[in-house]
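Descriptive structure summary
The chain contents come next:
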Amino acid sequence: MKYYSLNKKAPNTTFEDAVVRGLAPDKGLYFPESITPLDASFFETIEDKSNTEIAYEAIKQFIVPEIPEDVLKTIIEETLNFDFPVVDINENISTLELFHGPTMAFKDVGARFMARCLGYFNKTNTNNVTVLVATSGDTGGAVANGFLGVKGVNVVILYPSGKVSDIQEKQLTTLGKNITALEVDGVFDDCQDMVKRAFMDEALTSKMQLTSANSINIARWLPQLFYYMFAYKQLKSKHKDIAFSVPSGNFGNICAGMVAQKLGLPIKHFIAANNANDTVVNYMATQSYNPKPSVQTISNAMDVGNPSNFIRILELHDNNFEALQANLSSYSYTDDETKAALLELYNDFTYVADPHGAVGYLGAKAYLENNDAHVVFLETAHPTKFLDIVEDVIRENVDLPPQIEAVMDKEKVAVAISSYEELKDFLLK
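Everything numeric in this text was worked out from a predicted model, so none of it was measured. (Residues numbered from 1 in each chain as written. Predicted model: local features only at pLDDT ≥ 70, side-chain atom pairs only at ≥ 80, totals over all residues. Heavy atoms only, no water.)

**Digging into the sheet that holds strand β5 (residues 129-134)**
Taken together, five strands build an open sheet; the order of strands is β8-β5-β6-β7-β13 and the sheet is parallel. Bordering the open sheet on either side are β8 (209-211) and β13 (415-417), each of which pairs with just one other strand. Strand-to-strand twist across the sheet, computed as the mean angle between neighbouring axes with direction ignored, equals 25°. Pairing analysis gives three bridges linking β5 to β8, with the strands arranged parallel. What sits directly across from valine 131, in β8, is threonine 211. The sheet strands contacting helix α20 (residues 420-428) are β5, β6 (153-160), β7 (179-184) and β13, and the helix crosses β13 at an angle near 140°. (Pairing = 2+ DSSP bridges. Helix = DSSP H or I, 4+ residues; strand = E, 2+ residues; numbered from the N terminus. Axes fitted to C-alpha atoms, helices over the stretch in contact; angles between N-to-C directions. Contact = heavy atoms within 4.5 Å.)

This is the structure in structure tokens:
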């Protein structure tokens, strides 16, 4: 499989090169040259397959033979060593819980998968690779945990000061070893802009190998297609059309779901559930894409004003707005509406959600007002990662799981920066 840049000004390349580079030389996102649908029998018998078997068949065309089949199977087994349960909320709505991994966020899968791919490619490399990543919340912890101790890889995480939850901050600032956290005086967009600027800075890239572990990286983005396969496996017996409501920030997760759809997974529709950061909502209403500064919300992992992966979504629909409109709906919700949804889920269904899942639930309800389907909303983080918000809304104490308790008493270690020049100086030193 070859990969091309969506800016169309760079040569096509290999999976390894796409993973190691992160961005193409023309600063475009990499995209696979082809997506070959799986045989219909794969989906007809999906209930008989293990999650690792499903994941291997779904992703091998994008990776083998650059990573041999036996190595890829091991990578998948090590990545998927936790559960992905579907929980029914009511007759027409379920949630897919993606928070049972080591950092209790959906990004654990992509981070662990990418770390193992990069570790394989780097095993004979004498030069260190620096993974440079911006986080609005959960990416940082997942990447830190996934890459901890990986040979030849240093990880530098930029996060906005005061704009991630206390637990999220602990998860990305307490590991040490090859992980460094940079606390940025700004918002997520400032962190992301610094990372993008670093990739374009030849004074940096000529002296060190930089790559990204955000969902712009092909190895972080593609494994998210597994979630949709796993949900379908559990819901196939309902014999109803399935739609997915995805809490969306940088749009990598929902975009990976659309790849699963291209592989033949029978998905009726996608709902991009957004908070006040409504760039895509406005695009779907006006056909005019106008990025804007991010707005801080209680669902902070979605506080993205210019979602990087939306260009991949356009590519998947051949840049045809009518095709996209037929496959995607998008809604945005305020913090007050999100809190009301948290309370409704708890009071009416005894389900404790996190703010991102609550936004997904609202998107599911909105879609069902005019459509018939079974809608799965994605629960992307454990509610205790947003403990203050959740407990304040439902007026109940939520028990801390072991993964969260393990970091609560650790000491935060972070380097404060406020400009790109400070980031550059840090990297060069």
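Okay, back to it.
**Observations regarding the packing of helix α16 (residues 335-349) against helix α18 (residues 387-394)**
With their axes 9 Å apart at the nearest point, α16 and α18 run at an angle of 60° to one another. Pair α16 / α18 crosses with right-handed handedness. Note on element contacts: α18 touches α16 through Ile389, Val393 and Ile394, opposite Lys339, Leu342, Leu343 and Tyr346. Across the contact of α16 with α18, the residue classes break down as six nonpolar, no polar and one charged. (Left-handed = near helix turned anticlockwise from the far one by under 90°. Nonpolar A, V, L, I, M, F, W, Y, C, P; charged D, E, K, R; others polar.)

**Focus: the pattern of salt bridges**
The final tally for this structure, using the stated rule, is 14 salt bridges. The salt bridge partner of lysine 60 is glutamate 57, with a shortest N-O separation of 3.3 Å. Glutamate 57 sits in the partly exposed class, given a relative accessible area of 28%. Glutamate 78 is the partner of arginine 116 in a salt bridge, and the nearest nitrogen-oxygen pair spans 3.1 Å. Here the residue arginine 116 occupies a position in helix α5 (residues 107-121), and glutamate 78 occupies one in helix α4 (residues 69-79), the gap between them amounting to 38 residues. Relative accessible area serves as the criterion here: at 25%, arginine 116 is assigned to the partly exposed category. (Salt bridge = Lys/Arg side-chain N within 4 Å of Asp/Glu carboxyl O. Buried < 20%, exposed > 50% of the residue type's maximum accessible area, 1.4 Å probe, protein only.)

**Structural notes on the environment of isoleucine 242**
Topologically, isoleucine 242 is positioned in strand β9 (residues 242-247). Residue classification places isoleucine 242 among the buried positions, given a relative accessible area of 4%. The spacing of isoleucine 242 and leucine 6 is 236 residues in sequence and 30 Å in space, taken between C-alpha atoms. In this view, isoleucine 242 contacts Tyr232, Leu235, Pro266, Ile267, Lys268, His269, His374 and Val376; residues no more than four positions away in its chain are not counted.

**With respect to the UniProt feature "domain: Tryptophan synthase beta chain-like PALP" (unreviewed entry) in the protein chain**
Mapped onto the present numbering, the UniProt feature "domain: Tryptophan synthase beta chain-like PALP" (unreviewed entry) falls on residues 97-377. The span residues 97-377 carries 45% helix and 16% strand; its end-to-end C-alpha distance comes to 9 Å. (UniProt positions renumbered as here; feature names shortened; annotations may be inferred.)

**As for helix α12 (residues 252-262)**
Burial runs high along α12: nine of the eleven residues are buried. Of all the positions in α12, only Gly252, Asn253, Ile254, Cys255, Ala256, Gly257, Met258, Val259 and Ala260 are classed as buried.

**Quick look at the side chain of threonine 279**
Relative to the assigned elements, threonine 279 resides in helix α13 (residues 279-286). Residue classification places threonine 279 among the buried positions, given a relative accessible area of 3%. Reaching out from threonine 279, the side chain makes a polar contact with the backbone oxygen of glycine 305 at a distance of 2.7 Å. Excluding its chain neighbours within four sequence positions, the residues that come into contact with threonine 279 are Tyr289, Asn290, Pro291, Lys292, Gly305 and Pro307. (Polar contact = N/O pair within 3.5 Å; in protein donor to acceptor, adjacent residues only side chain to side chain.)

**Concerning unusual backbone geometry**
Look at the link from valine 64 to proline 65: it is a cis peptide, with omega at 10°. Relative to the elements of secondary structure, proline 65 occurs in the loop between α3 (51-59) and α4. Even without a glycine there, the phi angle at methionine 104 is positive, about 60°. Checked against the element boundaries, methionine 104 lands in the loop between β4 (93-97) and α5. Here the phi dihedral of histidine 239 falls at roughly 55°; this positive angle occurs in a residue that is not glycine.

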